[in-house]
Amino acid sequence: MAAQVRVVVMQAGLGPLDYAVPEGLVLAAGQPVQVPLGPRTVTGVVWDGLEGPAFKGKGLRAVRGVLPVPPLSAPLRRLCEWVSDYYLAPLASVLRMVLPQVALMGERQVVEYRLSGTLPARMTPERARAMDRLAGRSGTVSDLARAADVSDAVIRGLVNAGALAGETVSAGDLPPPPDADFAPPRLEAGQAEAAAALVGAVDAGGFAPFLLEGVTGSGKTEVYAEAIAAALRTGGQALVLLPEIALTAAFMKRLEARFGAAPLAWHSDLKTSARRAAYAAIADGRARLVVGARSALFLPFADLRLTVVDEAHETSFKQEEGVHYHARDVAVMRAQFEGAAVVLASATPAIETRVQAERGTYRHLMLPARYGGAEMPAIETLDLRRTPPPRGRWIAPPLASAITDTLARGEQALLFLNRRGYAPLTLCRACGERINCPNCTAWMVEHRLLHRLACHHCGHEMSVPPACPSCGEADALVACGPGVERIAEEVAALWPEARVALVTSDTITSPARAAALVASVEAREIDILIGTQLVTKGFHFPELTLVGVIDADLGLSGGDLRASERTFAQIAQVAGRAGRGAKPGRVMLQTHQPQARLMQALVNGDAAAFYANETAARRDLTLPPFGRLAALIVSAEDEGKARAAAATLAAAARPREGVQVLGPAPAPLAMLRGRYRFRLLVTARRTVPLSAWLRDWLGTAPPPAGVRVTVDVDPYSFV
Ligand code: ADP
Ligand code: ZN
């Protein structure tokens, strides 16, 4: 009998299929192959250890061919199975992250385009915007479309108009290998002790999870760099995950200074040729040190000895579309399957992580003081009830005078407000109408720089209407509340001489822009930084001595279970940007509730008290990590259909001790992208195998046509 293999085809909805192996072909488990499916040829992966009866029919079709990609290793296959199982995602969807399109391209040549210097005969606003964003870039048509946030057709139009010139490229270059001993720092005693623990674990091999907790500026990067060096010395690979690709440029420079060669980058902003070269080098082990966004976690490392999750408390590690996974947790699982070390580094570790450390599952390493004797910044609250800003303004007088003093000393200030755009709400003065997104239950946010209103949920844009769309009154629309653009306007009015940089995802659109920002702040060409959560992370600016938090209460509304924890972490992080050099830092928190426990903990530098209290509250309510949660969203274009399907699903739940299904109820974001949404929340005891229970339940109640059910295990978003 001819040999046969089981293949997971990359089509969600299909289980594994059996295929015959043609004479002379030897197929290892994990090998990507091409197989026939109906009239088509599709990609799949030879899989081992999947249960179920083998196909015994006569018509067993044969594997068509082998793809030029090394087989996925056993640890990676086990990780795929775990992710699929735990997060209730089809194995095919997980495999699509492991085998992105570039992996399957082989040696095919690609054509990359860059600006030719010629202007198109016909210039449109869209073309102008695209050309602005493409300055200094090259890439395939789809790379450039993604980078400029326009359709492929716009890019092709620019090619045809001669504004973009093409050239055929084969593969990107690899950086030279990093040198573990290039420029090691002299560590302080506390740092050396933590580094020794990490190095010991890497040298010993085997699964070793760590929490590296160190206050902002304590030198966590220098410490885990020693663990990277150890991994490099073993001949293996190391991966550092960052929460935000905008930060990679500055970070790459630091690692390059330490190891004498830039790490390999993996993130969504890479062009096709670089991505393809990176994939191949990671798979065959030539890429020794990789820095990436969360998707790097699924790359087929040949010999991964260490993973570092930097700023591990960041909620952006949670993926909210497609496979809903948490990169921090998947990183730990991968390390377990690989038998490797994993370091979660943070100044403000998540309660989930703290509890794992308390239980002894993770080893807890601490760096309690800043490097080089730098002091922690002095944090004070500024009571908005007692010293409010003037009407229509957002910077209260004490903060304004602190900024004036800072500028007078030639130092830098940072103003933090976690809200993009100019104003979160546009309101009609005549009739009270609020301008909503037509597709979502959300306000349209004014972006004055772009002269547009934009929905931050679905991306819908429109120009600001000249008259109220409801009552028709002309010039009656007013902007309500502040976004960072409005703060920038106020700053320009108060300190017209100051050089200001706005740091948001609208202005820092690429790692190159982020690098340019860092360079100009370091060169002291910027006096005042104004930014969203993007400025809270990672930056090290020695001349930055004042941080003003415009609205310290902002994150506390909304009432999801992590609201206070997230607010605490965010403020502690942004405060941690102040006074990192020789000069002391000062932080002012504008708040309406200076007596709140959270504000007091920040002022007193008492993180331990804050976390102890939050942890106790979670324990009392059996919330994660003391209990488990899963969130389900049932959505449809028709409201009645969505409501009915959600009710049917809830009724189909099989009772089980320790599991409770709450809802359905209309989601807080009741409509998104034109679909009505109903939520179900499942709470479970920690000991219940929640994923298996969910799978059974959902299996018995498949949604009717037109209804979508999204499952989010360990949810972070409650809208
Ligand atoms: P964290 O990530 O904990 O906020 P960093 O790793 O960014 O801290 O370190 C803060 C600053 O101190 C950086 O500029 C870093 O290079 C410097 N630093 C930390 N430890 C050392 C050391 N042992 N030798 C030299 N510089 C150090
Ligand atoms: Zn919308």
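Just above sits the structure.
In what follows, the accompanying structure is described. (Residues numbered from 1 in each chain as written. Chains lettered and ligands numbered in written order. Predicted model: local features only at pLDDT ≥ 70, side-chain atom pairs only at ≥ 80, totals over all residues. Heavy atoms only, no water.)

### Quick look at the site of ligand 1
Okay, step 1: Not every one of the 16 residues close to ligand 1 is listed here, only the nearest: Gln 191, Gly 217, Lys 220, Glu 222 and Arg 254.
Okay, step 2: A distance of 2.8 Å separates an oxygen atom of ligand 1 from a polar side-chain atom of Arg 254.
Okay, step 3: Take Arg 580: an N or O atom from its side chain is 3.2 Å from an oxygen atom of ligand 1.
Okay, step 4: For ligand 1, whose unbound accessible area comes to 560 Å², protein coverage reaches 82%. (Near = heavy atom within 4 Å. Polar contact = N/O pair within 3.5 Å; in protein donor to acceptor, adjacent residues only side chain to side chain. Areas by Shrake-Rupley, 256 points an atom, 1.4 Å probe, with all protein chains shown as cover.)

### A look at the pattern of salt bridges
Okay, step 1: Applying the stated criterion across every chain, the model contains 37 salt bridges.
Okay, step 2: Asp 48 is the salt-bridge partner of Arg 77, the closest N and O atoms lying 2.9 Å from each other. One end of the pair, Arg 77, is in helix α1 (residues 74–86); the other, Asp 48, is in the loop between β4 (40–47) and β5 (65–66), with 29 residues separating them in the sequence.
Okay, step 3: A relative accessible area of 24% places Asp 48 in the partly exposed class.
Okay, step 4: One salt bridge in this structure joins Arg 685 and Glu 657, with 3.3 Å as the shortest N-O distance. In this pair, Arg 685 is assigned in strand β28 (residues 675–685) and Glu 657 in the loop between α18 (639–651) and β27 (659–672), connecting sequence segments 28 residues apart. (Salt bridge = Lys/Arg side-chain N within 4 Å of Asp/Glu carboxyl O. Helix = DSSP H or I, 4+ residues; strand = E, 2+ residues; numbered from the N terminus. Buried < 20%, exposed > 50% of the residue type's maximum accessible area, 1.4 Å probe, protein only.)

### Here we look at the coordination of the zinc ion (ligand 2)
Okay, step 1: Protein ligation of the zinc ion (ligand 2) involves Cys 437 (SG), Cys 440 (SG), Cys 455 (SG) and Cys 458 (SG), the donor distances falling in the range 2.3 to 2.4 Å.
Okay, step 2: One can describe the donor arrangement at the zinc ion (ligand 2) as tetrahedral, given that its four donor atoms subtend angles of 104 to 113° at the metal.
Okay, step 3: Look at where the donors of the zinc ion (ligand 2) fall in the sequence and you get C-x2-C-x14-C-x2-C. On the criterion of sequence distance, the pair formed by Cys 437 in the loop between β17 (425–428) and β18 (445–447) and Cys 455 in the loop between β19 (452–454) and β20 (461–462) is long-range, its members being 18 residues apart.
Okay, step 4: Classification of Cys 455 as buried rests on a relative accessible area of 3%. (Donors = N, O, S within 2.8 Å, 3.2 Å for Na, K, Ca; no water. Tetrahedral: all angles 85-135°; square planar, octahedral: opposite > 155°, others 65-115°.)

### Considering helix α15 (residues 563–575)
Okay, step 1: Spanning 13 residues, α15 covers 18 Å between terminal C-alpha atoms, matching the ideal 18 Å at 1.5 Å per step.
Okay, step 2: Within α15, ten of the 13 residues are buried, which leaves the element mostly enclosed by the surrounding structure.
Okay, step 3: Looking at α15, one finds that the buried residues are Ala 563, Glu 565, Thr 567, Phe 568, Ala 569, Ile 571, Ala 572, Gln 573, Val 574 and Ala 575. (Expected span 1.5 Å × (residues − 1).)

### A short note on the environment of Ala 647
Okay, step 1: Its place among the elements puts Ala 647 in helix α18.
Okay, step 2: Taking the relative accessible area as the measure of exposure, Ala 647 reaches 40% and is therefore partly exposed.
Okay, step 3: Sequence separation of Ala 647 and Phe 678 is 31 residues, and the distance between their C-alpha atoms is 9.3 Å.

### Description of the sheet that holds β19
Okay, step 1: Taken in spatial order, the three strands make up an open sheet running β18-β19-β20, and their pairing is antiparallel. Either end of the sheet is taken by a strand with one partner, and the two such strands are β18 and β20. (Pairing = 2+ DSSP bridges.)

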